[in-house]
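Here are the chains, one letter per residue:
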Amino acid sequence: MEAKAVVLDEQMIRRALTRVSHEIVERNKGVENCVLVGIKTRGLFVAQRLAERIQQIEGTAIPVGELDITLYRDDLTLKDSDPLVKGSDIPVDITNKKVILVDDVLYTGRTVRAAMDALVDIGRPSQIQLAVLVDRGHRELPIRADYVGKNIPTSSEERIVVALAEVDKEDKVSIFKR
């Protein structure tokens, strides 16, 4: 793959997540009965960053959970005959809570569909909202994000790569050409 452009740097990511945090607080009239659930791997780190900002804004901690959707994927048999399941960890009961599902990139919508299936197996939230750092378009399922850090229209020949310091030692979002 050939790097085409860096579309978000560290400062731009920080600003986008701060804005999304404010939108979450505003839409939910605070964060009472809200839980952030990050889709492993990078969605978890985005969720943790949102929780930090929300605590700074509201002075209230919001629970953060992690969700492993490996066994819920519709392409599981195509990808790997022996999938690595890392497990989910949601520290509170999500039944009757507003769950804000968090991921790094929204593309076809299939990951989000799998995550919703996994959530419903864990509990019955009163509402599921979706927050993403990047929405790149090309949906295959009727799924829309409630909170978007940045819309980055792409062609199907391009790939969005999110690098986060917790995993990749730096923060940036890049477009690569396949």
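Structure report, in brief. (Residues numbered from 1 in each chain as written. Predicted model: local features only at pLDDT ≥ 70, side-chain atom pairs only at ≥ 80, totals over all residues. Heavy atoms only, no water.)

1. Let's talk about the sheet that holds strand β4 (residues 98-106)
Argument step 1. Reading across from one edge, β3-β2-β4-β5-β6 is the order of the 5 strands in this open sheet, with parallel pairing throughout. Each edge of the open sheet carries a strand with a single partner, namely β3 (64-67) and β6 (147-151). The average angle at which neighbouring strand axes cross in this sheet is 25°, direction not considered.
Argument step 2. With 4 bridges joining them, strand β2 (residues 34-39) and β3 adopt parallel strand pairing. (Pairing = 2+ DSSP bridges. Helix = DSSP H or I, 4+ residues; strand = E, 2+ residues; numbered from the N terminus. Axes fitted to C-alpha atoms, helices over the stretch in contact; angles between N-to-C directions.)

2. Some details on the pattern of salt bridges
Argument step 1. Under the definition given, this model contains 11 salt bridges.
Argument step 2. The partner of Lys4 in a salt bridge is Glu158, and the shortest N-O contact between them spans 2.3 Å. Remark: Glu158 occurs in strand β7 (residues 158-163) and Lys4 occurs in strand β1 (residues 2-8); sequence separation between them is 154 residues.
Argument step 3. Glu23 serves as the salt-bridge partner of Arg19, at 3.3 Å between the closest nitrogen and oxygen. With Arg19 and Glu23 both in helix α1 (residues 10-27), this residue pair falls 4 residues apart, about one helical turn. (Salt bridge = Lys/Arg side-chain N within 4 Å of Asp/Glu carboxyl O.)

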